[in-house]
Amino acid sequence: MRCNILAYLFAAALILCPLLSPQCLSYVSVTPITVFLIMDPGSSWRGTLNLTSSEPFSIAVEVVRSDYVNYGSKVDFPKPGSLNWSCTEWLELPVKSFKVPPNSTFTLPFKVTVPKGVRAGDYHGLILLEIAKAEAVGGGVSVKFRIGTLIAIRVRGKKVFACEGGLVSSTKSDSSYEVVLRCANKGNALVRAKPRLAASRGDEVIFTLTGVGALVYPGYWYDFKLSIPLDKISGAEKIVGYFEVEDVFDGEKGVTNFVPVPLPH
């Protein structure tokens, strides 16, 4: 059996609770928030998640596996195994729910088993911990939110490192030019993409802008919104965009095609 842990990172929680109580942002966390593994078909690996609560009362937690894709403009959480490059059905979790006493940590073991004969490439999914109820002394406070860990697995074999840039939209306002660039992952490698824009006049580059990077999953895309101050591109004759891309697992770097961006009028 061969299984390498590329990264097993411990940091602040991945919080997924946009519509719920601010309490969920402060007092409950999960570590690690990301697990990156390099594995062979037919191999297994065991790990743990640690859910820490600093609440003065116990919390009840539901354990859920979910597919996950962040498209930049939206986030999807489909049922396990419904997306291409999903690894959620490879995850074994010993419990479906548990309780965490006040001011304590619960350790949740899990196991990953890669099926035999699976094609090479990078698979991903989420282990979500749904905080369903908080029980305070003298009364109950109902809260619901989710925190989770991204599991990403590279199945060894032939890698296809291929991303393509495209223009989604360009909109001029009174003071800025809003450009949305799309990075489409055409390969089987999980990449981190960073958008860049360059405005030029003749042979002179008069303005450059680098956006914040994001993961782009195999077979999917991510839309990056960039805002250019109009005064920075006054007199520009040409604007192009492109993406710097980096393989999350082995660090290989590259760039996409150049994308022509219309001049604001």
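What comes next concerns the included structure.

**A word on the pattern of salt bridges**
Inference 1: Scanning the entire structure with this criterion turns up 11 salt bridges.
Inference 2: Ionic pairing is found between Lys159 and Asp250, a salt bridge with its closest N-O pair at 2.8 Å. Of the two residues, Lys159 is situated in the loop between strand 14 (145–155) and strand 15 (163–172) and Asp250 in the loop between strand 21 (238–247) and strand 22 (253–255); the sequence distance between them amounts to 91 residues.
Inference 3: Judged by its relative accessible area of 45%, Asp250 is partly exposed.
Inference 4: One connected set of salt bridges, linked through shared partners, spans Asp122, Arg154, Lys159, Asp247, Asp250 and Glu252.

**Notes on unusual backbone geometry**
A negative phi angle characterises most non-glycine residues, just as the trans form characterises most peptide bonds.
Inference 1: In this structure, Pro32 follows Thr31 across a cis peptide bond, with omega equal to -5 degrees.
Inference 2: Even without glycine at this site, Trp85 takes up a positive phi of about 65 degrees.
Inference 3: By secondary structure assignment, the location of Trp85 is in the loop between strand 8 (75–76) and strand 9 (91–92).
Inference 4: With a phi angle near 50 degrees, Asn103 is a residue other than glycine that sits in the positive phi range.
Inference 5: With respect to the helices and strands, Asn103 occurs in the loop between strand 10 (97–100) and strand 11 (104–113).
Inference 6: The exposure class of Asn103 is exposed, given its relative accessible area of 54%.

Scoring rules and cut-offs
- Residues numbered from 1 in each chain as written.
- Predicted model: local features only at pLDDT ≥ 70, side-chain atom pairs only at ≥ 80, totals over all residues.
- Heavy atoms only, no water.
- Salt bridge = Lys/Arg side-chain N within 4 Å of Asp/Glu carboxyl O.
- Helix = DSSP H or I, 4+ residues; strand = E, 2+ residues; numbered from the N terminus.
- Buried < 20%, exposed > 50% of the residue type's maximum accessible area, 1.4 Å probe, protein only.

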